[in-house]
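Residues per chain, in single letters:
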Amino acid sequence: MSELKPGLPERLSSVVATLRQAEVDAGRELGSVTLIAVGKTFSVEACELAYACGQRAFGENYVQEGIEKIQAFKEAHPEDPGEWHFIGPLQANKTRAVAEHFDWVQSVDRLRIAGRLSVQRPMTMPLLNILIEVNVDGESTKSGVSLDEVEAFAAEVAHLPQLKLRGLMAIPAPQETSEARRQSLAKLRALFEKLQKTYPDMDTLSMGMSADMKEAVLEGSTMVRVGRAIFGPRDYASACQSTQG
């Protein structure tokens, strides 16, 4: 596990303040953009500290690590265990565990994965919220559905039982200027707005992290994912490899 450095409450407060100012600058309603605190490689106790500061939505990249945190939160906070998002690459042999524990899956990019999540989501649980991961810049090193294939992919996913298609997610390529960052984000926003005409229940555009959060809010993001700026630097060398999704 990564070592949590002192100052999490202050770091979280600073991120929230930056997000709220971005909403103001974009002419958006205060609180309209959800902050996902990404706690991968950090302990349950680190997430608990964020929870004590008012954070309720958490993102996890590693299946087993995330499940351990979800179970701990359900025991400690049965009335409000928070909202848990799986945001990492998902292997077929891990879909059942994700379907049985998480509230959202933001990284759906293959029909096989979507189909398995649909079949494996327990009937006793609410519908599993799904975001389609889009490879918005066509990077060969990143997963995600290509821009020109998203509409056909959405048509397949939208009709799967036990799933609720909520929108799109992307991790654009790093750019040096704010203008360049906004160009990639604008492409995803345009696709999202086009899809909303066919799927009016789609309401979530997950884009923006620490480096491009302001630009993402300007381009209509409804959900930003921030880890390092809240929890601090990660030590991947000491992270348990068996937790990878």
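That block above? That's the structure.
Conventions and cut-offs
- Residues numbered from 1 in each chain as written.
- Predicted model: local features only at pLDDT ≥ 70, side-chain atom pairs only at ≥ 80, totals over all residues.
- Heavy atoms only, no water.
- Helix = DSSP H or I, 4+ residues; strand = E, 2+ residues; numbered from the N terminus.
- Expected span 1.5 Å × (residues − 1).
- Buried < 20%, exposed > 50% of the residue type's maximum accessible area, 1.4 Å probe, protein only.
- Contact = heavy atoms within 4.5 Å.
- Phe/Tyr/Trp six-rings, centres within 6.5 Å; stacked < 30°, edge-to-face > 60°.
- Lys NZ or Arg CZ within 6 Å of the ring centre and 35° of its normal.

A. Representation of helix α7 (residues 178-198) in the model. Spanning 21 residues, α7 covers 31 Å between terminal C-alpha atoms, matching the ideal 30 Å at 1.5 Å per step. Those residues of α7 lying buried are Ala180, Arg181, Ser184, Leu185, Leu188, Leu191, Phe192 and Leu195. Structurally, α7 contributes buried residues whose contacts are with β5 (128-135), α6 (150-157), β7 (163-170), β8 (204-206) and α8 (213-218).

B. How the structure looks around the packing of aromatic side chains. Counted under the stated rule, the structure contains six aromatic pairs. Here the aromatic rings of Tyr51 and Phe73 are separated by 5.5 Å at their centres, their planes lie at 80°, and the arrangement is edge-to-face. One end of the pair, Tyr51, is in helix α2 (residues 44-52); the other, Phe73, is in helix α3 (residues 63-76), and 22 residues separate them in sequence. Using a relative accessible area of 7% as the deciding quantity, one classes Tyr51 as buried. Residue class for Phe73 comes out buried when judged on its relative accessible area of 0%. Centroid distance Phe86 to Phe102: 5.5 Å. Interplanar angle 75°. Geometry classified as edge-to-face. Placement of the pair is Phe86 in strand β3 (residues 83-86) and Phe102 in the loop between α4 (95-101) and β4 (104-108), with a sequence separation of 16 residues. Assessed through its relative accessible area of 0%, Phe86 is described here as buried. Members of the aromatic cluster, connected to one another through ring pairs, are Tyr51, Phe58, Phe73 and Trp84. One Lys or Arg, Arg56, reaches over the ring of Tyr51 and ends 3.6 Å from the middle of that ring.

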